[in-house]
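# A closer look at the structure
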Amino acid sequence: MKVTNIPFMAMRKIVAMFSVLLILISIGSLATKGLQFGLDFTGGTLVEVKYDEAPNLDDVRAVLAQNNYSDVVVQNFGSPTDVVVRMANSYTATLGDEVLVALKENGKVGVSLQRSEFVGAQVGEELREQGGLGMLLALAIVMLYVAVRFQFKFSIASVAALAHDVVITLGVFSLFEIEFDLTVLAALLAVIGYSLNDTIVVCDRIRENFRIMRETEPEELINESINQTLGRTIITSMTTLFVLVVLFLFGGEAINNFSFALLVGIVIGTYSSIFVAANLLLAQNIKKEDLIPAPKEELEDELP
């Protein structure tokens, strides 16, 4: 692919303001509205039923709503005739039978109860804490790896770019009140890995060019490095996005939130690998002396 000559770094102040605006909106929404945690985090009841014939899930949701069961998630489970209903209702010994009676619609529908289980709030709280700790641990390991593999300024830029991606993705979920469950948490961890990969490619080219283009100013050098890797970045992102769009449209409700989180995360991650990480390197006054070891001074002969 032909190497472009787009002046990315000439736009860095505008882009920085745009990123700050997105982060402020995201943090504001997270602080005021929070996340709509799913059953995995809040606890509740899970009811699995088996239909004689594959039902329309929208009809199942409508029947439950008519019987005053709100805040439910209805999904197929394994086969089109097996349906799982996840409810925020407190668990009771008879809740499964009560849901079954509602779904039978006075005997019009052939459906049987397979199981009715309680997911306790204690389990939800434990999962939430472990999920958050897992994400922090992932960022800490990334920071350590980049510091060892590259240089500390690259480490700061890379981790800040990853945090930028995660905060904005969480902000989208908070702003549009989309349910946040364990599949979304898994998607966020995948976004960290994907975005890091893109950022590392750009950083590696910047480091290499600092060693080759020794007379070039850092801003011009970083701009040249981004243009050299732009083709690879766009092709990788587009092929991934095509797959995710198909998953989002046709993958079913079970992975809708997962694929949506990845879609948002990869778009933001691609943007941050081009603009945010490189911008932060310039903000830290990165220069060739940071990457090229100083020549060792010749040992003076101390002998008379």
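Residues numbered from 1 in each chain as written. Predicted model: local features only at pLDDT ≥ 70, side-chain atom pairs only at ≥ 80, totals over all residues. Heavy atoms only, no water.

Let us now look at the overall build of the chain. Counting secondary structure elements, the chain contains nine helices and six strands. For the chain, whose C-alpha radius of gyration is 26 Å, the value lies well above the compact-globule estimate of 19 Å for 304 residues. Across its three principal axes, the chain shows a C-alpha extent of roughly 105 × 50 × 35 Å. Restricting to contacts in the chain with at least 6 residues of sequence separation, those with at least 24 account for 78%. When the accessible surface of the chain is summed, it comes to about 16500 Å², and 62% of that surface belongs to carbon and sulfur atoms. Separation of charge centres in the chain, based on 21 positive and 35 negative side chains, amounts to 6 Å. (Helix = DSSP H or I, 4+ residues; strand = E, 2+ residues; numbered from the N terminus. Rg over C-alpha atoms; globule rule 2.2 N^0.38 Å. Contact = heavy atoms within 4.5 Å. Areas by Shrake-Rupley, 256 points an atom, 1.4 Å probe, with all protein chains shown as cover. Lys, Arg positive; Asp, Glu negative; His and termini not counted. Charge placed at Lys NZ, Arg CZ, Asp CG, Glu CD.)

Those residues carrying the UniProt feature "transmembrane region" (unreviewed entry) are residues 131-148, 155-176, 182-203, 234-252 and 258-282 in this numbering. Between the end C-alpha atoms of residues 182-203 there is a gap of 31 Å, over a span that is 100% helix and 0% strand. Taken as a whole, residues 258-282 contains 100% helix and 0% strand, while its terminal C-alpha atoms sit 34 Å from one another. (UniProt positions renumbered as here; feature names shortened; annotations may be inferred.)

Attention now goes to the UniProt feature "domain: SSD" (unreviewed entry) in the chain. The feature "domain: SSD" (unreviewed entry), as given by UniProt, occupies residues 148-283 in the numbering adopted here. Annotated as residues 148-283, this span is 87% helix and 1% strand, and its ends, taken at the C-alpha atoms, are 21 Å apart.

For the chain, the assigned domains are domain 1 (8-37 + 124-289) and domain 2 (44-119). Contact residues are listed per partner, giving four residues for domain 1 and five residues for domain 2. Taken together, the two surfaces of domain 1 and domain 2 that pack against each other cover about 350 Å², and 34% of this comes from carbon and sulfur. Three residues stand out in domain 1 for area buried against domain 2, namely Glu179, Glu253 and Ala254, and they jointly supply 86% of the buried area on that side. If you look at where domain 1 meets domain 2, you find zero salt bridges. In this structure, the connection of domain 1 to domain 2 is made through zero residue pairs in polar contact (both at pLDDT 80 or more). When its residues are assigned to classes, the side of domain 1 that touches domain 2 shows one nonpolar, no polar and three charged. (Domains from an automatic or database assignment. Buried area = accessible area lost by both parts, 1.4 Å probe. Salt bridge = Lys/Arg side-chain N within 4 Å of Asp/Glu carboxyl O. Polar contact = N/O pair within 3.5 Å; in protein donor to acceptor, adjacent residues only side chain to side chain. Nonpolar A, V, L, I, M, F, W, Y, C, P; charged D, E, K, R; others polar.)

For the pair helix H6 (residues 152-175) and helix H7 (residues 182-212), interaxial distance at closest approach is 9 Å and the crossing angle is 145 degrees. Judged by the twist between their axes, the crossing of H6 over H7 is right-handed. Across from Phe154, Ser158, Leu162, Asp165, Val166, Thr169, Leu170 and Phe173 in H6, the residues of H7 making contact are Val184, Leu188, Val191, Ile192, Ser195, Leu196, Thr199, Cys203 and Ile206. Taken together, the residues that form the contact of H6 with H7 break down as twelve nonpolar, four polar and one charged. (Axes fitted to C-alpha atoms, helices over the stretch in contact; angles between N-to-C directions. Left-handed = near helix turned anticlockwise from the far one by under 90°.)

A separate point is the packing of helix H1 (residues 12-32) against H6. One way to put it is that H1 packs onto H6 with a least axis distance of 8 Å and a crossing angle of 50 degrees. When the axes of H1 and H6 are compared, the pair comes out oblique. Seen from above, H1 lies across H6 with left-handed handedness. Across the interface between the two elements, Ser19, Leu22, Ile23, Ile25, Ser26, Ile27, Ser29 and Leu30 from H1 touch His164, Val167, Ile168, Leu170, Gly171, Ser174 and Leu175 from H6. Residue composition of the contact of H1 with H6, by class: nine nonpolar, six polar and no charged. (Parallel < 35°, antiparallel > 145°, perpendicular 65-115°, else oblique.)

A complete count under the given rule lists seven salt bridges for this structure. For Glu117, the salt bridge goes to Arg115, with nearest N and O atoms at 3.2 Å. In this structure, the salt-bridge partner of Asp198 is Arg232, at a minimum N-O distance of 2.4 Å. Taken as a pair, Asp198 in helix H7 and Arg232 in helix H8 (residues 218-250) lie far apart in primary sequence, 34 residues in all. Overall, the relative accessible area of 1% leaves Asp198 in the buried class. (Buried < 20%, exposed > 50% of the residue type's maximum accessible area, 1.4 Å probe, protein only.)

A separate point is helix H3 (residues 57-66). Every buried residue of H3 is accounted for by Leu57, Val60, Val63 and Leu64. Down the axis of H3, the buried set is contained in an arc of 115 degrees. They therefore lie on one face. The exposed residues of H3 that point more than 90 degrees off its buried face are Asp58 and Gln66. Its buried side turned inward, H3 meets strand E2 (44-51), strand E3 (72-77), strand E4 (79-87) and helix H4 (95-104). Where H3 begins, one side-chain oxygen reaches toward the backbone nitrogen of Asp58, 2.8 Å away; that side chain belongs to Asn56. Backbone geometry just after H3 places Asn68 at a positive phi near 65 degrees. (Arc of directions from axis to C-beta.)

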